Amino acid sequence: MSDKYEAVLFDLDGTLLNTIADLTASMNEVLEQRGCPVHSEDDYRYFVGDGVHMLAARALPGPLPSEAAVQEAVQAFRQVYSRRWRETTRPYPGIEDLLQALMHKGVPMGVVSNKPHEPTLACIQAFFPHVPFAVVAGQTEDLPPKPDPAGLHVALKACGAAPERSLYLGDSNIDMQAARRAGMKAVGAAWGFRTREELEEHEAFYVAAHPLDVVKLMG
């Protein structure tokens, strides 16, 4: 156990896994089926992060797509993504080394994502089956999505850790806000979907250029 921090929690997309190509391909397939214009990976870097409902709302054409259109796109996306989610998705370089180092130190770990819960579980089981995460929490109807800190509080309880002595690693402003609202140290993943500038503007305690930089914080 680290004598400095008691636990490390992780975001998933853009932090542990580079999922952007599969997310892009899946939502663009949904758009193409409906005769709508598609978007680039760079666009999707800013469409994702707030859950699948907001992803669909941002991807659909027009400033205010109807709720019915959004819900239909969400359901279609879930079906497409369920068969395309592993085409190119992989852990970021250095993530396996980071997880191994934290396991060696005996640091409890968890995952809290705005990705729906079932695909979150599937990703963790597929890519990190050897990692003893204390909790893996994707978005459900029971917990509000980040930046609400409720999911982080649940994960901290599972880890038996105090928020002020725990880190949350994520790649977006949403993650930085959620960590600070939970009373945790917000650590930015500069290798993810968003920019270092965004992470710094949203008061990251520390911005890691490489996953192993997180180990340096552990003491």
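You'll find the structure just up there.
Described below are features of the structure shown in this document. (Residues numbered from 1 in each chain as written. Predicted model: local features only at pLDDT ≥ 70, side-chain atom pairs only at ≥ 80, totals over all residues. Heavy atoms only, no water.)

### Notes on the packing of helix H1 (residues 20-33) against helix H4 (residues 67-84)
Okay, so step 1: Where H1 meets H4, the closest approach of the two axes is 9 Å, and the angle between their N-to-C directions is 130 degrees. Between H1 and H4, the angle is such that the two are oblique. Here H1 runs over H4; the crossing is right-handed. Where H1 abuts H4, its residues Asp22, Leu23, Ala25, Ser26, Met27, Glu29, Val30 and Gln33 lie against Ala73, Ala76, Phe77, Val80, Tyr81, Arg83 and Arg84.
Okay, so step 2: Across the contact of H1 with H4, the residue classes break down as nine nonpolar, two polar and four charged. (Axes fitted to C-alpha atoms, helices over the stretch in contact; angles between N-to-C directions. Helix = DSSP H or I, 4+ residues; strand = E, 2+ residues; numbered from the N terminus. Parallel < 35°, antiparallel > 145°, perpendicular 65-115°, else oblique. Left-handed = near helix turned anticlockwise from the far one by under 90°. Contact = heavy atoms within 4.5 Å. Nonpolar A, V, L, I, M, F, W, Y, C, P; charged D, E, K, R; others polar.)

### Thoughts on the sheet that holds strand S1 (residues 7-10)
Okay, so step 1: Pairing is parallel in the open sheet, where six strands are placed in the order S5-S4-S1-S6-S7-S8. Two strands bound the open sheet, and with one partner strand each, they are strand S5 (135-139) and strand S8 (206-208). Sheet twist, expressed as the average angle between the axes of neighbouring strands with direction ignored, equals 20 degrees.
Okay, so step 2: Bridge analysis of strand S7 (residues 185-189) against S8 gives three bridges, and the strand direction is parallel. (Pairing = 2+ DSSP bridges.)

### Some thoughts on the packing of aromatic side chains
Okay, so step 1: Applying the stated rule across the entire model yields four aromatic pairs.
Okay, so step 2: Between Phe77 and Tyr81, the ring centres sit 5.3 Å apart and the planes meet at 10 degrees, which makes this aromatic pair stacked. Of this pair, Phe77 and Tyr81 both sit in helix H4, four residues apart, roughly one helical turn.
Okay, so step 3: Taking relative accessible area as the criterion, Tyr81 reaches 4% and is therefore assigned buried.
Okay, so step 4: On the numbers, 6.3 Å between centres and 85 degrees between planes, the contact of Trp85 with Phe127 is edge-to-face. Here Trp85, found in the loop between H4 and strand S3 (90-91), pairs with Phe127, found in helix H6 (residues 117-127); they are 42 residues apart in sequence, far enough to count as distant. Of the two residues examined, Trp85 and Phe127, each falls in the buried class.
Okay, so step 5: Of note, Arg86 hangs over the ring of Phe127, and the distance from its end group to the ring centre comes to 5.2 Å.
Okay, so step 6: Seen from the ring of Phe205, Lys185 lies directly overhead, with NZ or CZ sitting 4.8 Å from the centre. (Phe/Tyr/Trp six-rings, centres within 6.5 Å; stacked < 30°, edge-to-face > 60°. Buried < 20%, exposed > 50% of the residue type's maximum accessible area, 1.4 Å probe, protein only. Lys NZ or Arg CZ within 6 Å of the ring centre and 35° of its normal.)

### As for the pairing of S5
Two faces make up the sheet, and in a regular strand the side chains alternate between them.
Okay, so step 1: Within S5, four of the five residues are buried, which leaves it mostly tucked inside the rest of the structure.
Okay, so step 2: With four bridges connecting them, strand S4 (residues 109-116) and S5 associate as parallel partners. Bridging across to S5, Pro116 finds its partner in Gln139.
Okay, so step 3: One crossover worth recording links S4 to the parallel S5 by way of H6, and it is right-handed. (Right-handed = clockwise from strand over helix to strand, strands pointing away.)

### Section: unusual backbone geometry
Okay, so step 1: Of note, the amide linkage connecting Lys146 to Pro147 takes the cis form, showing an omega dihedral of 20 degrees.
Okay, so step 2: Non-glycine residue Glu203 carries a positive phi angle of around 65 degrees.
Okay, so step 3: Secondary-structure assignment places Glu203 in the loop between helix H9 (196-201) and S8.
Okay, so step 4: Relative accessible area serves as the criterion here: at 54%, Glu203 is assigned to the exposed category.

### Here we look at the packing of helix H3 (residues 52-59) against H4
Okay, so step 1: Interaxial distance between H3 and H4 falls to 9 Å at its minimum, and their mutual angle equals 115 degrees. Taken together, the axis directions place H3 and H4 in an arrangement best described as roughly perpendicular. The chirality of how H3 crosses H4 is right-handed. Where H3 abuts H4, its residues Val52, His53, Leu55, Ala56 and Ala57 lie against Glu67, Val70, Gln71, Ala73, Val74, Phe77 and Arg78.
Okay, so step 2: For the contact of H3 with H4, a count of residues per class yields eight nonpolar, two polar and two charged.

Interpretation note: all reported values are geometric properties and have no functional meaning in isolation.
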